[in-house]
Amino acid sequence: MLNQADNDLLTRVGPGTPMGDMLREYWVPACRSATLEADGAPARIRLFGENFVAFRVTDGRVGFMQEGCPHRCASLALARNEEGGLRCIFHGWKFDVEGKCVDAPTEPGGQRAKFAESVPVRSHPTHEAGGLVWVYMGKRATPPRFPEYEFTALPSENIQPTRGIIRTNWLQGLEALLDSAHVGFLHSANLSSALGKALFKEESDYMLNDGAPVFEFVEQPYGFREGAIRQEGPDRSYARVREVSLPFFSFIPSAPTGSRIVCCSIPIDDCTTAQWYIAYDTDGPLERNILTDFGATSGDPDHFNADMGGPENLWHQDRQAMKDGHWSGIIGRGNAYEDFAVQESMGPIVDRTQEYLGTCDRVIYRARMLLLDAVKRFRDTGELSFAGDEIDFGAIRAVSFPFKKDEDWRDFDAHELAAIAAE
Ligand code: FES
Ligand SMILES: [Fe+2]
């Protein structure tokens, strides 16, 4: 439960809001790299309540600038993309990859170049990594260092980024990504299906057998590590160790080797959020297809849940399927659709003054407190949390594994477990 002021502080991300200003100081995924073709169509991108276009110029570099033309606001999504820049189709003004106006052909010859130079253009630096175009929308003259997670260093065949879009606030999205307690309930039908068993291996049985794991936390400079500990008989326990790299990323625990998934919740505006599900394999080409795994039927990697329905049809919930034994009735569509349905069902910005939290919500509470501290510190001092130079982003990896009663899950290292499993 939060008071209204704190709920507003955490959830409002428009220009000039404390959280909006803070979140703009981190590199965020804007679109898939594959979306942008050299000299091809610009992509419309909405982030933090503002509209932009991303475009790839002739030499392969990517630009990111305001969608509305600096002249009279025609959409640059309509622009020609030619010879190293975007040319507005209305009066032909041209903008290069750095966002500078390089031609204003409606001006008389003598002053044309000088006039073009004077046109104010809003653009932001980009960086391509992990099959994604990332953008820095903050205020620093030099962008902060890019967080080099292990997935961002992989070649394109080892990684598959996909995006879902939900009609809720970013924090609702993030909280669902942190919430281990729902898995054995909301996703129980999927976990016990043949596909679920194949994807989650022995994990599915642990999660189904114990709906009330003990949650333990280890503070990290990037956020925290959460162990969900379940008992398996008198001598063995099972840990699912989630890595939370605030403010956006949740690394989902999986077996020590094989493919992994990282998710993030990126604000499109106060009431719309991009939820990226990024599958990757550090050891070789990715063999799974995350869209098929999710049962996503829209076929669109930029909006894989386009056909999920909404409050008007209760997200296509099937009551007959529930009578026949399916837990959620949101059938045949994998975990993400179930997650999205419950997130949207809370309303665009959940009223956290109305909640009643239990033991299973410790992770939610912890994340909120860390984010509240961070946003207040940023507002009052300009200091940015979760981004210190000492952080080794590349070492962050979430894993699940059994361990003996006399051992401590905190002593296990995901990379060592992978090396042992590969022997
Ligand atoms: S509105 Fe773009 S050139 Fe005039
Ligand atoms: Fe879920």
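Residues numbered from 1 in each chain as written. Chains lettered and ligands numbered in written order. Predicted model: local features only at pLDDT ≥ 70, side-chain atom pairs only at ≥ 80, totals over all residues. Heavy atoms only, no water.

Scanning the protein chain from N- to C-terminus turns up 13 helices and 18 strands. Its C-alpha radius of gyration of 23 Å places the protein chain within 12% of the 22 Å reference for a compact globule of 423 residues. With respect to the three principal axes, the spread of C-alpha positions in the protein chain is 85 × 50 × 50 Å. Among the 423 residues that make up the protein chain, the fraction classed as buried is 56%. Counting only contacts in the protein chain whose residues sit at least 6 apart along the sequence, the fraction spanning at least 24 positions is 61%. (Helix = DSSP H or I, 4+ residues; strand = E, 2+ residues; numbered from the N terminus. Rg over C-alpha atoms; globule rule 2.2 N^0.38 Å. Buried < 20%, exposed > 50% of the residue type's maximum accessible area, 1.4 Å probe, protein only. Contact = heavy atoms within 4.5 Å.)

Bringing the coordination of the iron ion (ligand 2) into the picture now. Surrounding the iron ion (ligand 2) are the protein donor atoms His-182 (NE2), His-187 (NE2), Asp-339 (OD) and Asp-339 (OD), at 2.0 to 2.5 Å. Geometry at the iron ion (ligand 2) is irregular, judged from its 4 donor atoms and the angles of 56 to 150° they form at the metal. Binding-site remark: the iron ion (ligand 2) is held by donors from one chain whose sequence spacing is H-x4-H-x151-D. For His-187, a relative accessible area of 3% translates into the label buried. (Donors = N, O, S within 2.8 Å, 3.2 Å for Na, K, Ca; no water. Tetrahedral: all angles 85-135°; square planar, octahedral: opposite > 155°, others 65-115°.)

Given a rise of 1.5 Å per residue, 20 residues ought to cover 28 Å, and the 28 Å separating the end C-alpha atoms of helix H12 (residues 362-381) matches this to within 8%. For H12, the set of buried residues is Val-363, Ile-364, Ala-367, Arg-368, Leu-370, Leu-371, Leu-372, Ala-374, Val-375 and Phe-378. Phi turns positive, to about 80°, at Gly-382, one or two residues after H12. (Expected span 1.5 Å × (residues − 1).)

Attention now moves to the side chain of His-326. Assignment of secondary structure puts His-326 in the loop between helix H10 (319-323) and helix H11 (334-345). Overall, His-326 belongs to the buried group, its relative accessible area being 17%. There is a polar contact of 2.9 Å between the side chain of His-326 and the backbone nitrogen of Gly-329. Setting aside residues no more than four positions away along its own chain, His-326 makes contact with Ala-189, Ala-321, Ile-331 and Glu-338. (Polar contact = N/O pair within 3.5 Å; in protein donor to acceptor, adjacent residues only side chain to side chain.)

Note that every value here comes from positions in space, so none of it alone points to a role or purpose.
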